[in-house]
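# Fold and contact review
In case you want the letters, here they are:
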Amino acid sequence: MRSRLFLWLLILPLILSCYGGWQYYRTSELTEAIDNIKLLHTEATQLLQTDPEVIMEIDGTSFTVKQIFDKTNEIISSQEVTFNEFQSIFDLGTIGGGALSLLLGGFAILLCMRSGIVARKSRDELLKVFDRCRRLLPFILVGQMTLIGISIFSLISYEILWFINNFEMRGGGAKIIVAAGVAALAILWCIIKGIAKLKHCFAMFSPSASHLTGKSVTPEEAPGLWQWINELAEQVGTEPPDNIVVGLTECFFVTSYPVCVNNEQVLEGRTLYFPLIYGALLSREESAAVIGHELGHFTGEDTTYSLHFSPIYAGMNRSIDVMISNIKDKEDYYSRLVMSPSIYLGIFFIQQFDFAVNHWSRIREYAADAVGARLSSAQAISSALLRISAVSEAVSQQLSVLFAGKLKADELLPVIIDNLRENGIPDANQFLENELTHPTDTHPTTKSRIEALKQPIEQELLDYASRPVEAGHYDNIDDLFADAKALSVELTQNLSGEIDEYYQEQRQIWEEQAASLSETTALTVSSKRNLMFLLTLILMIIVGSGFFLSFMIKEIKEINSGNILVILLIFAVIVSVNLLCLLFPIIIYKRCKNSMIILEPTKISGPDFQAPYPLHNIIDFNYATFDSFLFKSSTLTFELADNATLPDMTPKKRLGRGKLKKKKRRLFYYFGGTLKANGKKISDQEVIEIIHNYLQAAHAQHALNQHKFDE
């Protein structure tokens, strides 16, 4: 990523600047001569008005002022001079655009690096430099990309004028000029279009709202919860949250940035997320300690950080992820081209602050843990951290089953609690090195957080964190809500409804993709061009060896038994080498006659497979070619899923078979020729499209098989 960023922001502008310098050098002598002629024309114009009869001598030849005036006027008005003037403007555009974009690109990189270093000094410096960079970088990037576009446009325009001025415009030359002119106009249009698209980079350097699935509860719906949270906030010494969102998918957290609930309701101000499942699994003291920790982020020096930096930093990360996803989904190559530098710079910008953010986040977490311990106890927050880690895997598994559309339940909370009650909670000792996830922050390891609280990590603490689930489904949360069971059912139904809606939309897409292919395609190799090249090369070897043998015989002056033996030995070696050379194209020809790969709607097979292999086990592929006038070769690499069984390959006995790289989980093919589909030659782009369509159809069919939809 960093090398690509440097390529876009530094190397490309440098190349354009150097090329512009070469353009300037090519016209510098002519420009100097034209400047002298213009001075002479000015002098002749003045003399024509004051002393028209004067005779001027130039290079030993005498001219009247009128003759000099007419001649210089003719030269200045010529096409060559006009073109030279425009070329001078364009080479300045190439040099200036490249140089200025180089300066802007270098400034952007240095600004990010310098800001990342300064941010380590204090949280105030972190806030200051981060905000400065976030506001400046979009303008720098827009300016830099615009200047590069101007530089490229100037470069092509200069070369068009140079070509017209130096070559006679007939036939092919005129076509080249027309093509170059169209290219220049296309680039000019792309600059305008690119500036419009670059507005998205401003959005990338601006935070986006968090998206949550849950329900914003009112004091009437959760009177006990609101009263409890208000009391905890008062004890902590901070303002209570403006909103409380209850959900099933996250753990405890607070944020001061806008939150979009269920893609509908946008909540402003401070929002506390209360996880119904974890609330039911923790004791009241443990929950109070965790909530106290979250509220502790809004006390003391941490207030500004929590209000103004943490959500913005997390929001920028989300924005960059969205931008990456968007350009991957776009088929418009130019959109990728324009937005790629913005993405690279955004990632580079975030990376420069990672060290400082992690450093200050650790300090914040330790301070917030101390608040939680003061509110409840060090043992309570320690056991809460361990218990959350211990039960999170079971919670995540059930949520994954629900998200996959395989769990049909009116209420998720009892399912998870019953599962934990039946299977038990894992030993908390194995989760000491865990780092709890958080939508807007990073966390130190659980062990270091407990040690910072001066809480001994004893077996009693570990046993309490791993205690069996003995309480009823709602015992720990029933007094917090007007109707805890009804709320749990509502949250489950809302979540299931969103999942069902998603899969119903996907069903139509999958059915169309699965039905798009019903035929079998055999990919074979046509090696005629390669064989002709090899046979020509072998013929040259045979002829050369014949000349070499004749030369050796001619050099032998006396024929005797020893010489004859040497000649026979050389002859045998030459014949053996030639036979081996002839054997090579024969092997290739025979290998290429067989189908290399057979693609079916759901399977891949061929001479390399002992049995057909499911296509849905292939998650990606890469097709690369080397094509010259004489020879063509290509490689095809299939990426296999981590949890997929490896294909059973036939033993390697012939040249050109596919190779299974077990450690890398890749299936590699080398083709020495042009690929055919069912005997018909196809382009490289068609090869990619065919393989992509088969993989897409196979994955769609697999998804349909995995999700049995009710009619």
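Residues numbered from 1 in each chain as written. Predicted model: local features only at pLDDT ≥ 70, side-chain atom pairs only at ≥ 80, totals over all residues. Heavy atoms only, no water.

The protein appears in an unreviewed UniProt entry as Peptidase M48, Ste24p from Photorhabdus luminescens subsp. sonorensis. Word for word, the UniProt comment on the protein under Cofactor (unreviewed entry) is "Zn(2+)". (UniProt positions renumbered as here; feature names shortened; annotations may be inferred.)

Bringing the sheet that holds strand 9 (residues 271-275) into the picture now. Reading across the sheet, the four strands line up as 4-5-9-6 and stay open at both edges, with mixed pairing between neighbours. The open sheet is flanked by strand 4 (215-216) and strand 6 (253-255), the only strands paired with a single partner. The strands that helix 7 (residues 223-236) touches are strand 5 (243-247) and strand 9; relative to strand 5, the one it contacts most, it runs at about 125 degrees. (Pairing = 2+ DSSP bridges. Helix = DSSP H or I, 4+ residues; strand = E, 2+ residues; numbered from the N terminus. Contact = heavy atoms within 4.5 Å. Axes fitted to C-alpha atoms, helices over the stretch in contact; angles between N-to-C directions.)

For helix 19 (residues 684-706), built from 23 residues, the straight-helix expectation of 33 Å at 1.5 Å per residue is met to within 8% by its first-to-last C-alpha distance of 33 Å. All of the buried residues along helix 19 are V687, I690, I691, Y694, L695, A697, A698, A700, A703 and L704. Considering only its buried residues, helix 19 is in contact with helix 16 (484-515), strand 10 (521-526), strand 11 (597-599), strand 14 (618-627), strand 15 (632-640) and strand 18 (674-677). (Expected span 1.5 Å × (residues − 1). Buried < 20%, exposed > 50% of the residue type's maximum accessible area, 1.4 Å probe, protein only.)

This part is about the packing of aromatic side chains. In this structure the tally under the stated criterion is seven aromatic pairs. Ring centres 5.3 Å apart and planes at 10 degrees place the aromatic pair F253 and Y273 in the stacked group. Pair noted here: F253 is in strand 6 and Y273 is in strand 9, with a separation of 20 residues, a long-range link. Cluster of aromatic residues (ring-pair linked, three or more members): F252, F274 and F481. Looking at R284, its charged tip hangs above the ring of W228, at a distance of 5.1 Å from the centre. A cation sits over an aromatic face here: K661 above F668, 4.8 Å from the ring centre. (Phe/Tyr/Trp six-rings, centres within 6.5 Å; stacked < 30°, edge-to-face > 60°. Lys NZ or Arg CZ within 6 Å of the ring centre and 35° of its normal.)

Bringing the UniProt feature "transmembrane region" (unreviewed entry) in the protein into the picture now. The feature "transmembrane region" (unreviewed entry), as given by UniProt, occupies residues 92-113, 136-164, 176-196, 531-553 and 565-589 in the numbering adopted here. Annotation note: span residues 92-113, helix share 100%, strand share 0%, distance between end C-alpha atoms 31 Å.

Residue R665 is not a glycine yet carries a positive backbone phi of 55 degrees. By the secondary structure assignment, R665 is in the loop between strand 16 (659-661) and strand 17 (666-671). Here R665 falls in the buried class, since its relative accessible area comes to 16%. With phi around 55 degrees, N678 is a residue other than glycine that occupies positive phi space. Looking at the element boundaries, N678 is found in the loop between strand 18 and strand 19 (680-681).

On to the packing of helix 12 (residues 378-403) against helix 13 (residues 412-423), then. Their axes nearest at 10 Å, the elements helix 12 and helix 13 cross at an angle of 135 degrees. Here helix 12 lies oblique to helix 13, going by the angle between them. Judged by the sense of rotation from one axis to the other, the crossing of helix 12 with helix 13 is right-handed. Only L412, V415, I416, N419 and L420 of helix 13 make contact with helix 12, whose side of the interface consists of V391, A394, V395, Q398, L399 and L402. Within the contact of helix 12 with helix 13, the residues separate by chemical class into nine nonpolar, two polar and no charged. (Parallel < 35°, antiparallel > 145°, perpendicular 65-115°, else oblique. Left-handed = near helix turned anticlockwise from the far one by under 90°. Nonpolar A, V, L, I, M, F, W, Y, C, P; charged D, E, K, R; others polar.)

The subject of this paragraph is a nonpolar patch on the surface. Side chains of M532, L535, I542, F571, V575, L579 and L582 sit close together on the surface and give an oily, nonpolar patch of about 600 Å² of accessible area. Listed by contribution, the elements that provide at least two residues to the nonpolar patch are helix 17 (528-555) and helix 18 (561-593). With four residues, helix 18 is the largest single contributor of residues to the nonpolar patch. When you line up the elements, I542 lands in helix 17. (Patch = residues over 30% accessible without salt bridge, like charges linked within 9 Å, V, L, I, M, F, W, Y side chains within 5 Å. Areas by Shrake-Rupley, 256 points an atom, 1.4 Å probe, with all protein chains shown as cover. Salt bridge = Lys/Arg side-chain N within 4 Å of Asp/Glu carboxyl O.)

Counting 63 residues, the largest nonpolar core has L225, V246, F274, I477 and F481 as its most contacted members. Residues lining this core come from more than one domain, with at least three contributed by each of domain 2 (210-507) and domain 4 (592-709). Beyond its immediate sequence surroundings of up to four residues, V246 is in contact with G214, K215, V217, L225, F274, L276, F481, L487 and L491. Listed in part, the 33 residues of the second largest apolar core include L523, I604, F621 and F638. (Core = buried A, V, L, I, M, F, W, Y, C linked by side-chain atoms within 4.5 Å. Domains from an automatic or database assignment.)

It is the contact of helix 9 (residues 284-296) with helix 12, at a shortest axis distance of 8 Å, that shows an interaxial angle of 95 degrees. Taken together, the axes of helix 9 and helix 12 lie roughly perpendicular to each other. Listed contacts from helix 12 to E285, E286, A289, V290 and H293 of helix 9 are A380, I381, S383, A384, R387 and I388. For the contact of helix 9 with helix 12, the per-class residue count stands at six nonpolar, two polar and three charged.

Turning our attention to the pairing of strand 18. Alignment of strand 10 against strand 18, held across four bridges, turns out to be antiparallel. If you follow V525 over to strand 18, its bridge partner there is L675. Pairing between strand 18 and strand 19: two bridges, direction antiparallel. Residue pairing across strands places A677 opposite K680, the latter belonging to strand 19. From the end of strand 18 to the start of strand 19, which pair antiparallel, there are two residues, and N678 there has a positive phi angle of about 55 degrees.

On to a negative patch on the surface. Negative charge collects at one region of the surface, where E264, E498, E501 and E505 lie side by side. Take E501: it is sitting in helix 16. (Lys, Arg positive; Asp, Glu negative; His and termini not counted. Charge placed at Lys NZ, Arg CZ, Asp CG, Glu CD.)

Tracing the backbone through its elements, the reader meets D418 in helix 13. Take D418: its relative accessible area is 34%, and that puts it in the partly exposed class. Along the backbone, D418 and V469 are 51 residues apart, and their C-alpha atoms lie at a distance of 8.5 Å.

So, about helix 13. Across its 12 residues, helix 13 extends 17 Å between first and last C-alpha, which sits within 8% of the 16 Å expected from 1.5 Å per residue. Note on helix 13: the residue one or two positions beyond its end, G424, has a positive phi of about 80 degrees.

A word on the sheet that holds strand 14. Taken together, four strands build an open sheet; the order of strands is 14-15-17-16 and the sheet is antiparallel. In this open sheet, the two edge strands, each paired with only one partner strand, are strand 14 and strand 16. Recorded for the sheet is a direction-independent mean angle of 20 degrees between the axes of neighbouring strands. Bridging between strand 16 and strand 17 involves three bridges; their strand directions are antiparallel. Opposite K661, over in strand 17, you have R666 as the bridge partner. On top of the sheet, helix 19 reaches strand 14 and strand 15; it is set at about 175 degrees to strand 14, its chief contact.

Turning our attention to the pattern of salt bridges. Using the criterion set out here, one finds 12 salt bridges in the structure. Between R467 and E286 there is a salt bridge, with its nearest N and O atoms 2.8 Å apart. Note that R467 is positioned in the loop between helix 15 (459-465) and helix 16 and E286 in helix 9, a separation of 181 residues in sequence. Residue R467 shares its accessibility class with E286, and that shared class is buried. As a salt-bridge pair, R449 and D369 come within 2.8 Å of each other at their nearest N and O atoms. One end of the pair, R449, is in helix 14 (residues 446-452); the other, D369, is in helix 11 (residues 333-375), with 80 residues separating them in the sequence. For the residue pair R449 and D369, the accessibility class agrees, reading buried in each case.

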